[in-house]
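# Commentary on secondary and tertiary structure
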Amino acid sequence: MWSRDLDVLVPMWQGADDLRVCEGPAALAALTVPGTRRVTVPVPAGGSEREGGVRHRAAVVDAHRDVLARHRPRRLLTLGGDCAVEVASVAHLAGRYAQRLFVLWIDAHGDLNTPASSPSATAHGMPLRLLLDDDAQGVLPAPRCLSPGQVALVGVRDLDPVEVEYVHRHDLTVVDAPTLGAQPTRLAALPPPGAAVYVHLDLDVLDPSALPAVAVPTPGGVTAAALARSLTALRAHHEVIGVGITEYVPQLAHDRQALIEVLDALGLTDALA
């Protein structure tokens, strides 16, 4: 079992502009064994206005930063909601672990847009860029707290042109979905020795045939078995200090077994006790 100080449930949908994901945190929480504390963050309704190139800006700013400041967790589980919830969680742990922090961004998408470049103006396509790049600051206040060497994109297969350019310009480490599927232990080789690892898991990294119940299903993903093997190997070789799981749409028809297999590999159920 993976122990942690705090589980934070953030039913935020405004970052994806998709109301369906607000049910994801409670559904995920029902499948996992609680950590020391479990807190649900109230999310304001928020309007549909666009401000500074971001839809629902008022709702996605500082969603749960105050909760993290109050509880000061060193080991954190974040259950979203959409990917914008990761900004506060990763920034908090970067403040704790500094250069030791290594983020595995396991996602079909790079989430590397800026408010100026985003085709959709939805914040869930921006969180990693906000954490990496001063150029993305101002509209969504998030301190640049990661360097490119602290991040690896895993399972990515749908990048906008601006994101491709950013990856190449900063030489970000990328392990695409076919590579991860063929070499499940590749994930464990990415963080440096002694790293404090944060796993961002957007469930759309899984192929829709394995888990269609996500906000943005994207063909060409990995199987649940391959992802589970990768995560098991990661936990065997590294200290995982944080996990964020996002973009689950539980009301869509799906077989929960694929999801449970992945949660088992993360040590979030009784199966690994």
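This is a predicted model, so every value here is computed, not measured.

### A few points about the side chain of Asp 107
The topology assignment puts Asp 107 in the loop between β6 (101-106) and α5 (127-132). Buried within the structure, Asp 107 lacks any salt-bridge partner; Arg 157 is the closest side chain of opposite charge, at an N-O distance of 7.3 Å. A polar side-chain atom of Asp 107 sits 2.8 Å from the main-chain amide nitrogen of His 109. Apart from the residues lying within four places of it in its own chain, the contact partners of Asp 107 are Cys 83, Val 154, Gly 155, Val 156, His 200, Asp 202, Asp 204 and Val 205.

### A look at helix α9 (residues 256-265)
Along α9, the positions that sit buried rather than exposed are Ala 258, Leu 259, Val 262, Leu 263, Asp 264 and Ala 265. The distance from a side-chain oxygen at the start of α9 to the backbone nitrogen of Gln 257 is 3.0 Å, and the residue carrying that oxygen is Asp 255.

### A short note on the pairing of strand β9 (residues 196-202)
Taking burial as the measure, the seven residues of β9 include seven buried ones, the bulk of the element. Taking every second residue as pointing to the same face, both faces of β9 are buried, with Ala 196, Tyr 198, His 200 and Asp 202 on one and Val 197, Val 199 and Leu 201 on the other. Pairing between β6 and β9: six bridges, direction parallel. In the strand pairing of β9, Trp 105 is matched with His 200. Handedness of the β-α-β unit built from β9, helix α8 (residues 224-237) and strand β10 (residues 239-246) comes out right-handed.

### Section: unusual backbone geometry
The backbone of Arg 72 shows a phi angle near 50 degrees, a positive value even though the residue is not glycine. Tracing the backbone through its elements, the reader meets Arg 72 in the loop between α3 (65-71) and β5 (76-80). Arg 72 sits in the exposed class, given a relative accessible area of 57%. For Glu 247, which is not glycine, the phi dihedral falls at a positive 70 degrees. Looking at where Glu 247 falls in the secondary structure, it is placed in the loop between β10 and α9. Here Glu 247 falls in the buried class, since its relative accessible area comes to 2%.

### Some remarks on the packing of α8 against α9
Close contact between α8 and α9 brings their axes to 8 Å; oriented N to C, the two are set at 10 degrees. On the basis of their axis angle, the class for α8 and α9 is roughly parallel. On α9, the residues that touch Ala 224, Ala 225, Leu 227, Ala 228, Leu 231, Thr 232 and Arg 235 of α8 are Ala 258, Glu 261, Val 262, Asp 264 and Ala 265. Each residue belonging to the contact of α8 with α9 can be placed in one class, and the counts come to eight nonpolar, one polar and three charged.

### Quick notes on the environment of Ala 189
Structurally, Ala 189 can be placed in the loop between α7 (177-182) and β9. Its relative accessible area of 54% is what places Ala 189 among the exposed residues.

### As for the sheet that holds strand β8 (residues 173-176)
In space, the eight strands of this open sheet follow the order β2-β1-β5-β10-β9-β6-β7-β8, with parallel pairing throughout. Strands with a single pairing partner mark the edges of an open sheet, and in this sheet they are β2 (37-40) and β8. Recorded for the sheet is a direction-independent mean angle of 15 degrees between the axes of neighbouring strands. Contacts from helix α1 (residues 24-31) reach β1 (6-10), β2, β5 and β10 within the one sheet, and its direction differs from that of β5 by about 130 degrees.

### Overview of the side chain of Ser 118
In this fold, Ser 118 is placed in the loop between β6 and α5. By relative accessible area, Ser 118 is classed as buried at 13%.

### A word on the state of the cysteines
Tallied over the full model, the rule gives zero disulfides. Between Cys 22, a free cysteine, and Cys 83, which holds the nearest cysteine sulfur, the sulfur-to-sulfur gap is 15 Å. Judged by its relative accessible area of 26%, Cys 22 falls in the partly exposed class. A relative accessible area of 1% means that Cys 83 is categorised as buried.

### As for the environment of Glu 239
Residue placement: Glu 239 occurs in strand β10. Between the C-alpha atom of Glu 239 and that of Ala 88, which follows or precedes it by 151 residues, the distance is 21 Å. Among residues more than four places away in sequence, those in contact with Glu 239 are Arg 75, Arg 100, Ala 195, Ala 196 and Val 197. Within the structure, the side chain of Glu 239 is placed 2.8 Å from the side chain of Arg 100, a separation counted as a polar contact.

Parameters and conventions
- Residues numbered from 1 in each chain as written.
- Predicted model: local features only at pLDDT ≥ 70, side-chain atom pairs only at ≥ 80, totals over all residues.
- Heavy atoms only, no water.
- Helix = DSSP H or I, 4+ residues; strand = E, 2+ residues; numbered from the N terminus.
- Buried < 20%, exposed > 50% of the residue type's maximum accessible area, 1.4 Å probe, protein only.
- Lys, Arg positive; Asp, Glu negative; His and termini not counted.
- Salt bridge = Lys/Arg side-chain N within 4 Å of Asp/Glu carboxyl O.
- Polar contact = N/O pair within 3.5 Å; in protein donor to acceptor, adjacent residues only side chain to side chain.
- Contact = heavy atoms within 4.5 Å.
- Pairing = 2+ DSSP bridges.
- Right-handed = clockwise from strand over helix to strand, strands pointing away.
- Axes fitted to C-alpha atoms, helices over the stretch in contact; angles between N-to-C directions.
- Parallel < 35°, antiparallel > 145°, perpendicular 65-115°, else oblique.
- Nonpolar A, V, L, I, M, F, W, Y, C, P; charged D, E, K, R; others polar.
- Disulfide = S-S within 2.5 Å.

Taken by themselves, the reported measurements are silent on function.
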